[in-house]
Amino acid sequence: ICLAIRSGVCAGIIVHNQLYRGASESAGEIGHMVVDRNGPRCFCGNRGCLQQLVTGPAIIARAGKRISGGEKTSLQGDKLSLEKIIGEAKKGDALSVTVLKETGKYIGLAVSPLIDFFNPQLIILAGNLVEAGELVLEPLKETVEKKALEIPRRTVRIAFSELGDNIGALGAANLVLQEKFKFQFSQI
């Protein structure tokens, strides 16, 4: 399962080397999985959807709220960005570290039922949070350790993508190639 996290969150679910698309070809839409019933309202009408908590804009909003609440931080300037938050977290800024660790926990709350349900070998995280590294991955894994069932949890590996920003383009190209070759092979 590959989770792509940017301005939204979606999951590519690979079964027998094929993308699982679902009955209406919308499988993997996990951005609207509720992980905090008291979280911010989402445009879908629910509260605490994953994408309202882990995307770049959501992380920036949580950091901004803490700053407005008077928390001390080394974040400077009038424009917050995810890159600034990650950079300051790597330098030890407590507010930035806390916001990124919360993000990892939220992702872990969403990933845990996926592990229980699909029992995948690998979960790959792609998108804007790759640069945060262990600041997100460690609390994510801790949450999975607490929330996912033991047997499927033992066999799953969770890692960041090594493909960088090209992962979406590579995935799309792969789909086209699979469709093209499937058509050709069916003609033989």
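Refer to the structure printed above.
Figured I'd write up the structure that's included with this text.

What counts and how
Residues numbered from 1 in each chain as written. Predicted model: local features only at pLDDT ≥ 70, side-chain atom pairs only at ≥ 80, totals over all residues. Heavy atoms only, no water. Helix = DSSP H or I, 4+ residues; strand = E, 2+ residues; numbered from the N terminus. Buried < 20%, exposed > 50% of the residue type's maximum accessible area, 1.4 Å probe, protein only. Phe/Tyr/Trp six-rings, centres within 6.5 Å; stacked < 30°, edge-to-face > 60°. Pairing = 2+ DSSP bridges. Axes fitted to C-alpha atoms, helices over the stretch in contact; angles between N-to-C directions. Parallel < 35°, antiparallel > 145°, perpendicular 65-115°, else oblique. Left-handed = near helix turned anticlockwise from the far one by under 90°. Contact = heavy atoms within 4.5 Å. Nonpolar A, V, L, I, M, F, W, Y, C, P; charged D, E, K, R; others polar. Salt bridge = Lys/Arg side-chain N within 4 Å of Asp/Glu carboxyl O.

1. Observations concerning the environment of Leu149
Position of Leu149 relative to the elements: it lies in the loop between α5 (134-147) and α6 (150-155). According to the relative accessible area criterion, Leu149 is exposed, its value standing at 52%.

2. A word on the packing of aromatic side chains
In this structure the tally under the stated criterion is one aromatic pair. A centroid spacing of 4.8 Å and a plane angle of 85° characterise the contact between Phe117 and Phe118, whose relative ring orientation is edge-to-face.

3. Observations regarding the sheet that holds strand β5 (residues 157-160)
If you walk across this open sheet you meet the five strands as β3-β2-β1-β4-β5, and the pairing is mixed. In this open sheet, the two strands that pair with only one neighbour each are β3 (18-20) and β5. Taken over all neighbouring pairs, the strand axes of this sheet differ in orientation by 25° on average, direction set aside. Where strand β1 (residues 2-5) meets strand β2 (residues 9-15), four bridges bridge the pair, whose relative direction is antiparallel.

4. Here we look at unusual backbone geometry
Note: most residues except glycine have negative phi, and most peptide bonds are trans. For Glu25, which is not a glycine, the phi torsion comes out positive at approximately 60°. Tracing the chain through its elements places Glu25 in the loop between β3 and α1 (51-54).

5. Here we look at the packing of helix α2 (residues 56-68) against helix α4 (residues 94-118)
Relative orientation of the contacting elements α2 and α4 amounts to 140°, with a least axis distance of 10 Å. The angle between the axes of α2 and α4 places the two elements in the oblique class. Pair α2 / α4 crosses with right-handed handedness. Of the residues in α4, those in contact with Ile59, Arg62, Ala63, Arg66 and Ile67 of α2 are Leu95, Thr98, Val99, Leu100, Glu102, Thr103 and Tyr106. For the contact of α2 with α4, a count of residues per class yields seven nonpolar, two polar and three charged.

6. Comments concerning the pattern of salt bridges
What the rule picks out here adds up to six salt bridges. Here Glu25 ties to Arg21 by a salt bridge, and the two come within 3.7 Å at their closest N and O atoms. For Glu25, a relative accessible area of 57% puts it in the exposed group. Classification of Arg21 as partly exposed rests on a relative accessible area of 29%. Residue Arg66 is joined to Glu102 by a salt bridge in which the shortest nitrogen-to-oxygen separation is 2.3 Å. Separated by 36 residues along the polypeptide, Arg66 in helix α2 and Glu102 in helix α4 bring together distant segments of the chain. Judged by relative accessible area, Arg66 falls into the partly exposed class, the value being 22%. Three or more residues joined by partner-sharing salt bridges are found here, namely Arg62, Arg66, Glu71 and Glu102.

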